[in-house]
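Report on the structure
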Amino acid sequence: MSLAATASAAPAAADDQAAWEAVIGLETHVQLGTDSKIFTAASTTFGDDPNTHVDPVVFGLPGTLPVLNAKVLEFAVKAALALNLKIAAHSKFDRKQYFYPDLPKNYQISQYDEPIAEEGWIEVEVAEKGKETYLKTIGIERLHMEEDAGKLVHAGSDRLAGSTHSLVDYNRAGVALAEIVSKPDLRTGREAAEYASEIRRIMRYLGVSDGNMQEGSLRCDVNISVRRGPDAPFGTKVEIKNMNSFSAIQRACEYEIQRQIKAYEAGEPVRQETRLWDESKQLTKSMRSKEGASDYRYFPDPDLGPIEVSTEQRQTWLAELPELPAAKRHRYADKLGLSIYDARVLTDERPMAEYFEAAVATGVDAKAVANWITGDIAAHVNAERLSYSTLPLRPEQLAEMVGLIEGGAISGKIAKEILPELLQQGGSAKAIVEARGLGMISDPAAITAIVEELLAAHPEEVEAFRGGKTKLQGFFVGQLMKKTGGKADPKLANQILNTKLQG
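The sections below set out a description of the structure shown in this document. By convention here, each chain's residues receive numbers from 1 onward along its written sequence. In keeping with the model being predicted, local features are shown solely for residues with a pLDDT of at least 70 and side-chain atom pairs are shown and tallied solely at 80 or more, while totals for entire chains, interfaces and linings include all residues. Computation of side-chain values covers all heavy atoms of the structure but excludes hydrogens and water.

Only runs of H or I of at least four residues qualify as helices and only runs of E of at least two qualify as strands under DSSP, and these elements are numbered from the N terminus. Summing up its helical and strand segments, the protein has 17 helices and 16 strands in all. This radius of gyration counts C-alpha atoms alone. The globule rule is 2.2 Å times how many residues there are, raised to the power 0.38. For 503 residues, the compact-globule formula gives about 23 Å, and the C-alpha radius of gyration of the protein, at 30 Å, lies well above that figure. In terms of its C-alpha atoms, the protein occupies a principal-axis envelope of roughly 95 × 55 × 50 Å. Three exposure classes are used, based on accessible area relative to the maximum for each residue type with a 1.4 Å probe and protein chains only: buried under 20%, partly exposed in between, and exposed over 50%. A buried classification covers 48% of the 503 residues belonging to the protein. Each accessible area is a Shrake-Rupley result for a 1.4 Å probe, and residues are judged covered by the shown protein chains and nothing else. Carbon together with sulfur atoms contributes 52% to the accessible area of the protein, which is approximately 23,700 Å² in total. Placing the 58 positive and 72 negative side-chain charges of the protein at their respective mean positions leaves the two points 3 Å apart. Positive residues here are Lys and Arg, negative ones are Asp and Glu, while His and the chain termini are left out of the count. Every charge is mapped onto a representative atom, which is NZ of Lys, CZ of Arg, CG of Asp or CD of Glu.

Here it is as structure tokens:
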């Protein structure tokens, strides 16, 4: 799908000194998480032995007919609605002449001129170290359904060039894809990476895909050109493939932008082609000349009827959508008073956001809960590869612990001491504190007696403090906490200590 006009020469501009601008669009292939393939009952299970999830329909044998998987249509429409796309009342499937050995039919069933959805947008939050975070709306041209191809394994080399022979696994052939085509609204590699990340985040929130890039559940092709300033015509578009991470998308864009600028400034042509990203060398390599729509010779698939989505069905699916990441980020910042960073981290995964909201629903401070989840709890979940939905420490138990801190029953230090046990086994923080005698010492008389004992034991330090070395108060605070096992009320202890030190 074309994302930008092409030209054979360097982009013209009224001002030759105008800064170069990149024009970037993404084609994102999302593998829909259905149990069976798009036109057949063959399994979509990943990782099984090669060529075990195939059948006559996958191979396109004579006498077979494809039948659209109803769940694929539901997932595609829900994905489109979440991306603010307009759902077509009528769409169709086409045959795309795609002569590759990993497509046994020698054509791909896709959608060409009448896709299931068009004209949408998403909001992207662009955050980069050392730069101010900003929001940007990225247009989405279309979403269409299609079937995936199989997988080629090249022996003797990691790619076709240099290999002695190739093997093909058709397990992936026929798996349902939603291809999401952005408008050429992206201008930097970071924006492209954030856009792809937000698409993945939305698909995972919906539950229509696991978005696992390592398994090929989400794949991105980048279309990129450069021009002299925002008013100049588009330059020649280059497509980049073979990126398996968001950081690779960013680095590939940054490399290709500079490659094209250098070529134009040296008077060299930039050819319309498909290039590969070489992760080991951190550069793009030419793969083949880029095909156009005419090369694929689309025509309506005669074996599949039109697709019609009624207004009632569309409204039903719309009502089933969850609150999406962008809406959560705004609510957390505007209603709960969280920082942009906290809101971004908490909404990255739906289970984490739901865990946070369940804890806050008990009435404890949202910022305090956010600090524990994004810090110690997230570190534990990631290290142990756990899920928030099955974490032994339930949200209401975390809220109880936070409530003990807010109420002055325990200190943050004590909370950190009992947290590992809670993370491993769950349970009541209050019960643990009471059983171990970890409650905070908040009796002024008790703390005063301990302070007086400390001052008597360190007369030289007391004299030095009163002589102007006020930083020694930190020494006494440390000694006090050590003596009380961290159980002294910090605020009260500092007040009493300060009074006594002043004499």
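Salt bridge, as used here, is a side-chain nitrogen of Lys or Arg placed within 4 Å of a carboxyl oxygen of Asp or Glu. Using the criterion set out here, one finds 40 salt bridges in the structure. Two residues, Arg344 and Glu125, come together in a salt bridge whose shortest N-O distance is 3.4 Å. In this pair, Arg344 sits in helix α8 (residues 340-346) while Glu125 sits in strand β6 (residues 117-126), placing the two residues 219 residues apart along the sequence. Across the pair, exposure class does not vary: Arg344 and Glu125 are buried alike.

With 11 of its 12 residues buried, strand β1 (residues 20-31) lies for the most part within the structure. At least two bridges found by DSSP between two strands is the condition for calling them paired. Pairing of β1 with strand β11 (residues 218-228), which is carried by 11 bridges, proceeds in the antiparallel orientation. Among the inter-strand pairings, Ala22 is bridged to a residue of β11, identified as Val226. Pairing analysis gives five bridges linking β1 to strand β10 (residues 176-182), with the strands arranged antiparallel. Residue His29 lies in a different strand from β10, and its bridge partner there is Glu179.

Right, let's talk about the sheet that holds β6 for a bit. Taken in spatial order, the nine strands make up an open sheet running β2-β6-β7-β10-β1-β11-β12-β13-β14, and their pairing is mixed. Pairing within the sheet leaves two strands with one partner each, and these edge strands are β2 (86-87) and β14 (283-289). Any pair of residues with heavy atoms lying within 4.5 Å of one another is described as a contacting pair. To get an axis, a line is fitted to the C-alpha atoms, and for a helix only the part in contact is used. The angle between two axes follows their N-to-C directions and goes from 0 to 180 degrees. The strands that helix α3 (residues 189-206) touches are β1, β6, β7 (134-147), β10 and β11; relative to β6, the one it contacts most, it runs at about 115 degrees.

What follows concerns the environment of Ser389. Positionally, Ser389 belongs in the loop between α10 (366-384) and α11 (395-406). Sequence spacing of Ser389 and Met352 is 37 residues, and the spatial spacing of their C-alpha atoms is 8.3 Å.

Below, the discussion takes up the nonpolar core. By nonpolar core is meant a set of buried Ala, Val, Leu, Ile, Met, Phe, Trp, Tyr and Cys residues that side-chain atoms within 4.5 Å join together. In terms of nonpolar packing, the biggest core is built from 68 residues, with Ile24, Leu83, Leu143, Tyr195 and Met203 touching the most fellow members. The element that contributes the greatest number of residues to this core is helix α2 (residues 70-82), accounting for nine residues.

Below, the discussion takes up the packing of aromatic side chains. Here the distance between the centres and the angle between the planes together describe a pair of aromatic rings. Working definition: a ring pair exists when centres of Phe, Tyr or Trp rings (six-membered ring for Trp) sit within 6.5 Å. Plane angles under 30 degrees give stacked, over 60 give edge-to-face, the rest tilted. With the rule as written, the count across this model stands at nine aromatic pairs. Members of the aromatic cluster, connected to one another through ring pairs, are Tyr112, Tyr296 and Tyr298. Against the face of Tyr296 rests Lys96, its NZ or CZ located 4.3 Å from the ring centre. Stacked on the ring of Tyr107, the Lys or Arg Lys105 has its end atom at 5.4 Å from the ring centre. Charge-over-ring contacts are defined here by two conditions on Lys NZ or Arg CZ: a distance within 6 Å of the ring centre and an angle within 35 degrees of the ring normal.

The topology assignment puts Glu179 in strand β10. Here Glu179 sits buried without a salt bridge, and the closest side chain of opposite charge, Lys96, lies 5.7 Å off (N-O distance). As used in this structure description, the phrase polar contact means that two N or O atoms lie within 3.5 Å; if the pair is within protein, one of them must be able to donate a hydrogen and the other to accept it, and residues adjacent in sequence are counted only when both atoms belong to side chains. Side chain to side chain, Glu179 and His29 meet in a polar contact 3.3 Å long. Those residues in contact with Glu179 that sit more than four places away from it in its chain are Glu27, Thr28, His29, Arg142, Leu143, His144 and Glu146.

This next bit is on the environment of Lys78. Mapped onto the elements of the fold, Lys78 is located in helix α2. For Lys78, a relative accessible area of 12% translates into the label buried. Residues Lys78 and Gly33, 45 residues apart in the sequence, show an inter-C-alpha distance of 13 Å. With sequence-adjacent residues up to four places away left out, Lys78 is seen in contact with Leu206, Trp317, Glu320 and Leu321. At 2.8 Å, the side chain of Lys78 forms a polar contact with the side chain of Glu74. Within polar-contact distance, the side chain of Lys78 engages the side chain of Glu320 at 2.7 Å.

Time to look at the sheet that holds strand β4 (residues 94-96). Overall, antiparallel pairing links the three strands, which are arranged β5-β4-β15 in an open sheet. On the outer flanks of this sheet lie β5 (108-110) and β15 (299-300), each paired with one strand and no other. Sheet topology note: the β4/β15 ladder contains two bridges and is antiparallel. Bridging from a neighbouring strand, Asp94 pairs with Pro300 of β15.

Glancing now at the packing of helix α14 (residues 444-457) against helix α17 (residues 490-502). At their nearest, the axes of α14 and α17 sit 10 Å apart, and the two run at 45 degrees to each other. By the angle between their directions, the pair α14 and α17 is classed as oblique. Crossing geometry of α14 relative to α17 is assigned as right-handed. Between α14 and α17, the residues in contact are Pro444, Ile447, Thr448, Val451, Glu452 and Leu455 and Leu492, Ala493, Ile496, Leu497, Lys500 and Leu501, respectively. Working definition: roughly parallel below 35 degrees, roughly antiparallel above 145 degrees, roughly perpendicular at 65 to 115 degrees, and oblique for all remaining angles. Here is the rule for handedness: rotate from the far helix to the near one, and if that takes an anticlockwise turn smaller than a right angle the crossing is left-handed, while a clockwise turn gives right-handed.

Let us now look at the environment of Leu218. With respect to the helices, strands and loops of the structure, Leu218 is situated in strand β11. Taking the relative accessible area as the measure of exposure, Leu218 reaches 2% and is therefore buried. The spatial distance from the C-alpha of Leu218 to the C-alpha of Ala41 is 22 Å, given a sequence separation of 177 residues. Here Leu218 is in contact with Thr28, His29, Val30, Arg200, Gly211, Asn212 and Met213, once residues within four sequence places are set aside.

For a helix, the expected span equals 1.5 Å multiplied by the number of residues minus one. With 14 residues, helix α12 (residues 412-425) should reach 20 Å at 1.5 Å per residue; the first-to-last C-alpha distance of 20 Å fits that figure. The largest bend along α12 measures about 40 degrees and falls at Ile418, with the proline Pro420 one to four residues further on. Consider a residue and the seven residues that end there alongside the seven that start there; fitting an axis to each set, the bend is the angle between those axes.

Of note, Thr236 is situated in the loop between β11 and β12 (238-243). With relative accessibility at 2%, the residue Thr236 sits in the buried group. Side-chain polar atoms of Thr236 contact the backbone oxygen of Val270, separated by 3.4 Å.

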